[in-house]
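Single-letter residue listing:
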Amino acid sequence: MNKQQIILTTEAFVKATLENAEGGHDWFHILRVWNNAKLISKNENVDSFIIELGALLHDIADSKFHNGDETIGPKIAREFLEKQRVEESVIIHIENIITNISYKGGNFSQKFTSPELEVIQDADRLDAIGAVGIARCFNYGGFKNRPLYSPEISPKLNQTKEEYKNSKAPTINHFYEKLLLLKDRMNTETGKKIAEERHNYMETFLQQFYNEWNGEK
């Protein structure tokens, strides 16, 4: 099976696996990240095969929906890629991308890096900010039955990985605990440029949200 056939088979596998996933982590999230990654990679010296496989498989089993187990995603990806007879070095790279791509709180430092991870990480983070990021944020907050906002509960910055993972704070707090921090954590120049515009959109949204919350306009 050639590389293009493997990518098409991976696309079909991911689409089927995530058929009933939560709306912010479903096939359309994967599709947006995949497209973002291909766009960003045009300006980077990277392996396009790893970019496409990594983007497609990066959220194949998000730990948030598997009791916090971060080993399931890499395991599912390995089993699938082995069946496609993908070479071992590529499988290991994809496993490392899946393990290290996520934002896990302000105090977490990833153990692995590569140009391909940097591109896919930017692509994933871009989908967490801007208009789509706002929609995903509130969709997940509703999925977890969290309040929209509580003036008495302040955002908690520089959380540990465990604090971040176990947080039950109002949805608005997530903007300060993650989304507004992503602009300054982008890896590539293309990612930084797109993130700047999406960041500004979120700040405008938050100002409007508070104005409406407080009955100011």
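Residues numbered from 1 in each chain as written. Predicted model: local features only at pLDDT ≥ 70, side-chain atom pairs only at ≥ 80, totals over all residues. Heavy atoms only, no water.

**Student:** Go over the overall build of the chain with me, naming the residues and quoting the values.
**Tutor:** A tally of regular secondary structure across the chain gives 10 helices and zero strands. Secondary structure elements of the chain, listed N to C terminal, follow the sequence α-α-α-α-α-α-α-α-α-α. Its C-alpha atoms give the chain a radius of gyration of 18 Å, near enough to 17 Å, the size a compact globule of 217 residues would have. Overall, the C-alpha framework of the chain stretches about 60 × 35 × 30 Å when taken along its three principal axes. Looking at the chain as a whole, 47% of its 217 residues qualify as buried. Counting only contacts in the chain whose residues sit at least 6 apart along the sequence, the fraction spanning at least 24 positions is 66%. In the structure as shown, the chain presents an accessible area of about 11400 Å², 49% of it carried by carbon and sulfur atoms. Of the charged side chains in the chain, 27 are positive and 32 negative, and the gap between their average positions amounts to 2 Å. (Helix = DSSP H or I, 4+ residues; strand = E, 2+ residues; numbered from the N terminus. Rg over C-alpha atoms; globule rule 2.2 N^0.38 Å. Buried < 20%, exposed > 50% of the residue type's maximum accessible area, 1.4 Å probe, protein only. Contact = heavy atoms within 4.5 Å. Areas by Shrake-Rupley, 256 points an atom, 1.4 Å probe, with all protein chains shown as cover. Lys, Arg positive; Asp, Glu negative; His and termini not counted. Charge placed at Lys NZ, Arg CZ, Asp CG, Glu CD.)

**Student:** Outline the packing of aromatic side chains, supporting the account with residue identities and numerical values.
**Tutor:** Applying the stated criterion to the full structure yields 12 aromatic pairs. Between Tyr149 and Trp213 the ring centres are 4.9 Å apart and the planes differ by 75°, which places this aromatic pair in the edge-to-face class. Placement of the pair is Tyr149 in the loop between helix H7 (130-143) and helix H8 (161-166) and Trp213 in helix H10 (residues 189-213), with a sequence separation of 64 residues. Residue Trp213 is classed as partly exposed on the basis of its relative accessible area of 40%. Through pairs of rings, three or more aromatic residues link up here, namely Phe138, Tyr149, Phe175, Phe205, Phe209, Tyr210 and Trp213. We note Lys38 situated over the ring of Trp34; from NZ or CZ to the ring centre the distance is 4.2 Å. (Phe/Tyr/Trp six-rings, centres within 6.5 Å; stacked < 30°, edge-to-face > 60°. Lys NZ or Arg CZ within 6 Å of the ring centre and 35° of its normal.)

**Student:** Can you tell me about helix H2 (residues 27-41), naming the residues and giving the values?
**Tutor:** The end-to-end C-alpha distance of H2 is 21 Å, a good match for the 21 Å that 15 residues give at a rise of 1.5 Å each. Burial in H2 covers these residues: Trp27, His29, Ile30, Val33, Trp34, Asn36, Ala37, Ile40 and Ser41. Where H2 is buried, its residues contact helix H1 (3-17), helix H3 (48-57), helix H6 (115-126), H7 and H10. The N-cap of H2, judged by a side-chain oxygen 3.2 Å from the amide nitrogen of Phe28 a few residues on, is Asp26. (Expected span 1.5 Å × (residues − 1). Polar contact = N/O pair within 3.5 Å; in protein donor to acceptor, adjacent residues only side chain to side chain.)

**Student:** Requested: an account of the nonpolar core, with residues and values cited.
**Tutor:** Val14, Leu57, Leu81, Ile94 and Phe175 are the most contacted members of the largest nonpolar core, which totals 51 residues. Ranked by the residues each element gives to this core, the list is headed by H3, at seven residues. Once residues lying within four places of it in the same chain are set aside, the contact partners of Phe175 are Ile134, Cys137, Phe138, Leu180, Met202, Phe205 and Leu206. (Core = buried A, V, L, I, M, F, W, Y, C linked by side-chain atoms within 4.5 Å.)

**Student:** Which residues make up the packing of H3 against helix H5 (residues 88-100), and what values do they have?
**Tutor:** Direction vectors running N to C along H3 and H5 enclose 45°, while the axes themselves pass 10 Å from each other. Taken as axis vectors, H3 and H5 run oblique relative to one another. Of the two possible hands of crossing, H3 and H5 adopt the one that is right-handed. Here Phe49, Ile50, Leu53, Gly54 and Leu57 of H3 come into contact with H5, specifically with Val90, His93, Ile94, Ile97 and Ile98. (Axes fitted to C-alpha atoms, helices over the stretch in contact; angles between N-to-C directions. Parallel < 35°, antiparallel > 145°, perpendicular 65-115°, else oblique. Left-handed = near helix turned anticlockwise from the far one by under 90°.)

In short, shape yes, function no, at least from these values alone.
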